[in-house]
Amino acid sequence: MSRDTVLFLTHHLPWPILSGGRRREAELLVRLAPRYDIEVVAVSKVPHTDRAGIAEAERAGLRVRLFAAEPADHPFRSPLVRQHSSAPARRYLRHRLTPPHAPIVHVEGHYLMPLVPARARAGALLVEHNVESTLLRQHADAAGGGLPRYRRLAHVSLTERAELNAWRQVRLVGALSGEDAAIMRRRAPRVSVHMLPSGADHLPAPRPAGGLPSPDLLFVANFGYPPSLDGARLLVSHIFPRVVERHPRATLAIVGADPPGWLLAHRDRDPRITLPGWVDDLAAWLATAKLVLCPLRIGGGIKIKVLEALAAGKCVVTTSVGAQGFDEPTRRAFVVRDDADSFAGAVADLLDRAELRSLHEDRARTAAASLPSWEQAAHSLAECWRVLSGPE
C-alpha cells in the first residue's frame, strides 16, 4: 500500500536539537516517517547550523530540502514574514505543489505561508508555535523591544494582519496550547482550530551523573530565541541577586548552546553562575538541581523545558507565561510568580524549606503521569493529515 506524501515546511531542520521547537518537530517526525513519505522543506535563518542536521534527518527516513532565508525589505509586511523570504524556496514550492499529485501541505508558522502557492493554501494545515503578535506585545511590555513605541505597535499590527490572513486561507490551523487556540477562535471564529499536544517522554529517567556540578537552580535556555534571552537577563540581573541576599552560597546553572557575551560577563563576575553551554545529558542536570526556574515574560504555546522538568519530577518556579498550556491540576505542581521580587522570594523560600520542595516534586510526578506521550502527540497530528488527505 502506498503512503501519503507530506510536504513539511518549516523554518529550521529539527536537527540538531537546540531548542524546544526543534525537539517537538524531531519527536513527531521520527514517529510519523514510517507511516508517511515526508519531505522536510526548511527555510533557515541559520543554514550553516541546519546543514549539520541533514544526515540525522535522512537517517530518520525523511527527505530534505534546505534553503537559506533571504530577508526582504518590504515595509508593508510583518518582520517575521520579511525574515523568512526566499525566492528559491518559493520557486521550488510552486513546482513541487503542482496538481494533480501534490502532497499534503503542513506549514510551521504563518510567516512561511507567502512562500506557498495560493492554489495549495486552501488544503493546508498551518501550525502556530505561538500567536506571534501576542509575543510582540509581551516583548514591548517587558523590555521595550529596542524600538520606538510607534514602530513596535506597527510590527504588532502587521503581524496580526499576517496571522489572520494566513489562518483564513488554510483548511486547518493547529495550536499548541488552549490559550493560543482561544485567541485564534476569538479572532477568526470560522477557522477550524485543532489542539496539537506536545509529548514529555523523550528524556531518560533522571539520574545524577558523576563529575557534574550540583546547582541549586537550573534554567534551560535557547539563546537563539528572544524570550529565552529576556528570561536569562531577568534571572541574572534581578532574580538571582535577590536570592543570594538570603542564600549567599546559592548556585545557578543556565544550560544552552552559545550563551551571549553579556551573559558570559555575568558568569565571569560571579563564580556562583555556571554556563555549561550545550549539554548531551540534560536529564543528569535536571537530576542534580534543587529547583528548575523558568522566568519567562514572553511566550506562547507550551514550553518543552517545563514539560521536561515535570517529567523529571522537579519543583518548578515559573511565571504565568511559563505555565501556559497546562491544565489547572498540573499548574498546582508549579510555583507561579510574575514579578522579579516575588519570584526571587519564592525561590529563596523553597531553598529554605526542603519539605515544601518535596511537596511540589510529588505534585510534579503526579502531573507527569497524565502528560501526553510523543506517540499520542504524533497520533493527533496524523489525524489532521488524514483529514487533509480526504475530500473537503
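Please refer to the structure placed before this passage.
Below is a short write-up of the structure. Positions within a chain are numbered from 1, following the residues in the order the chain's sequence is written. Local features in a predicted model are, by the rule used here, given only for residues with pLDDT of at least 70; side-chain atom pairs are given and counted only at 80 or more, and totals for whole chains, interfaces and linings are based on all residues. For side-chain calculations, the full set of non-hydrogen atoms in the structure is used, while hydrogens and water are omitted.

1. What about the overall build of the chain?
Working step 1: When helices and strands are tallied, the chain shows 17 helices and 13 strands.
Working step 2: Scaling as 2.2 N^0.38, a compact globule of 392 residues should have a C-alpha radius of gyration of about 21 Å, and the chain matches this with 21 Å.
Working step 3: Along the three orthogonal principal directions, the C-alpha set of the chain runs to about 65 × 50 × 40 Å.
Working step 4: Exposed residues in this analysis have more than 50% of their type's maximum accessible area, buried residues have under 20%, and partly exposed residues fall in between, with area computed by a 1.4 Å probe over protein chains only. Each of the 392 residues in the chain was classed as buried or not, and the buried ones make up 55%.
Working step 5: A 1.4 Å probe and the Shrake-Rupley method give the accessible areas. Residues count as covered only by the protein chains that appear here. Of the accessible surface of the chain, which amounts to about 17,100 Å², a share of 51% is contributed by carbon and sulfur atoms.
Working step 6: Of the side-chain charges in the chain, 51 are positive and 41 negative, and the distance between the mean point of each set is 5 Å. In DSSP terms, a helix is any run of H or I states spanning at least four residues, a strand is any run of E spanning at least two, and both are numbered starting from the N terminus. When we talk radius of gyration, it's over C-alpha atoms, and the globule rule is simply 2.2 Å times the number of residues to the 0.38. Counting rule for charge: Lys and Arg are taken as positive, Asp and Glu as negative, and neither His nor the chain ends is counted. The atoms used to mark charge sites are NZ of Lys, CZ of Arg, CG of Asp and CD of Glu.

2. Quick look at helix H17 (residues 374-389)
Working step 1: The span expected for a helix works out to 1.5 Å for each residue beyond the first. Given a rise of 1.5 Å per residue, 16 residues ought to cover 22 Å, and the 22 Å separating the end C-alpha atoms of H17 matches this to within 8%.
Working step 2: For H17, the set of buried residues is Trp374, Ala377, Ala378, Leu381, Ala382, Cys384, Trp385 and Leu388. Buried residues of H17 fall within an arc of 155° about the axis and therefore sit on the same side. It is the directions from the helix axis to the C-beta atoms that the arc portrays.

3. Digging into the state of the cysteines
Note on terminology: disulfide describes a covalent bond linking the sulfur atoms of two cysteines.
Working step 1: The criterion for a disulfide is a pair of cysteine sulfur atoms lying within 2.5 Å. Taken as a whole and assessed by the stated rule, the structure comprises zero disulfides.
Working step 2: A disulfide-free cysteine, cysteine 294 has its sulfur positioned 13 Å from the sulfur of cysteine 315, the nearest such atom.
Working step 3: Overall, the relative accessible area of 2% leaves cysteine 294 in the buried class.

4. Observations concerning the packing of aromatic side chains
Working step 1: When the centres of two rings from Phe, Tyr and Trp lie within 6.5 Å, Trp using its six-membered ring, the rings pair. Their planes under 30 degrees apart give stacked, over 60 give edge-to-face, and anything left gives tilted. Per the stated rule, a full pass over the model turns up three aromatic pairs.
Working step 2: Between tyrosine 36 and tryptophan 385, the aromatic rings sit 4.9 Å apart at their centres with planes inclined by 85°, giving edge-to-face as the arrangement. Of this pair, tyrosine 36 sits in the loop between helix H1 (20-32) and strand E2 (37-44) while tryptophan 385 sits in helix H17; the two residues are 349 residues apart in sequence, bridging distant segments of the chain.
Working step 3: According to the relative accessible area criterion, tryptophan 385 is buried, its value standing at 0%.

5. Observations concerning the pairing of strand E9 (residues 252-255)
Working step 1: Going residue by residue along E9, you find Leu252 and Ile254 tucked away on one face and Ala253 and Val255 tucked away on the opposite face as well.
Working step 2: At least two DSSP bridges between two strands are needed for those strands to be called paired. Here strand E8 (residues 217-220) pairs with E9 via four bridges, running parallel. Within E9, the position partnered with leucine 217 by the bridge is leucine 252.
Working step 3: Note on handedness: a crossover is taken as right-handed if, strands pointing away from the viewer, the path from the first strand over the helix to the second is clockwise. Following the backbone out of E8, through helix H10 (residues 226-246) and into the adjacent parallel E9, one traces a crossover that is right-handed.
Working step 4: Inspection of the sheet shows E9 paired to strand E10 (residues 273-277) by three bridges, in the parallel sense. By the bridge assignment, leucine 252 is partnered in E10 with isoleucine 273.
Working step 5: For the segment spanning E9, helix H11 (residues 261-269) and E10, crossover handedness is right-handed.

6. Focus on the nonpolar core
Working step 1: Membership of the largest hydrophobic core comes to 91 residues, with the highest contact counts inside it found for Ile38, Leu217, Ile254, Val347 and Trp385.
Working step 2: Working rule for contacts: check all heavy atoms of both residues, and any pair within 4.5 Å makes them a contact. Apart from the residues within four sequence positions on either side, isoleucine 38 is in contact with Val6, Phe8, Leu29, Leu32, Ala33, Leu62, Arg63 and Trp385.
Working step 3: The next biggest cluster of nonpolar side chains, apart from the first, holds 36 residues, and it includes Leu9, Met113, Ala166 and Ala181. Only buried residues count toward a nonpolar core. Its members are Ala, Val, Leu, Ile, Met, Phe, Trp, Tyr and Cys residues joined through side-chain atoms within 4.5 Å.

7. Some details on unusual backbone geometry
Working step 1: Cis geometry marks the peptide bond from tryptophan 15 to proline 16; its omega dihedral reads 0°.
Working step 2: Here proline 16 lies in the loop between strand E1 (5-10) and H1.
Working step 3: Following proline 99, the chain continues to proline 100 via a peptide bond in cis, the omega torsion being 5°.
Working step 4: With respect to the helices and strands, proline 100 occurs in the loop between helix H5 (87-96) and strand E4 (104-108).
Working step 5: Phi is positive for aspartate 258, close to 55°, though the residue is something other than glycine.

8. A closer look at the pattern of salt bridges
As a working rule, side chains carrying opposite charge can pair if their charged atoms are close by.
Working step 1: The salt bridge criterion pairs a side-chain nitrogen of Lys or Arg with a carboxyl oxygen of Asp or Glu, the two atoms within 4 Å. According to the stated counting rule, one finds 22 salt bridges in the structure shown.
Working step 2: Salt-bridge contacts for arginine 96 lead to glutamate 39; the nearest nitrogen and oxygen are separated by 2.8 Å. Of the two residues, arginine 96 is situated in helix H5 and glutamate 39 in strand E2; the sequence distance between them amounts to 57 residues.
Working step 3: Between arginine 297 and aspartate 230 there is a salt bridge, and its shortest N-O distance comes to 2.7 Å. Here aspartate 230 lies in helix H10 and arginine 297 lies in the loop between strand E11 (291-294) and helix H13 (304-311), a separation of 67 residues in the sequence.
Working step 4: Relative accessible area serves as the criterion here: at 29%, arginine 297 is assigned to the partly exposed category.
Working step 5: Via salt bridges that share partners, Arg23, Glu27, Arg31 and Glu375 belong to a single interconnected network.

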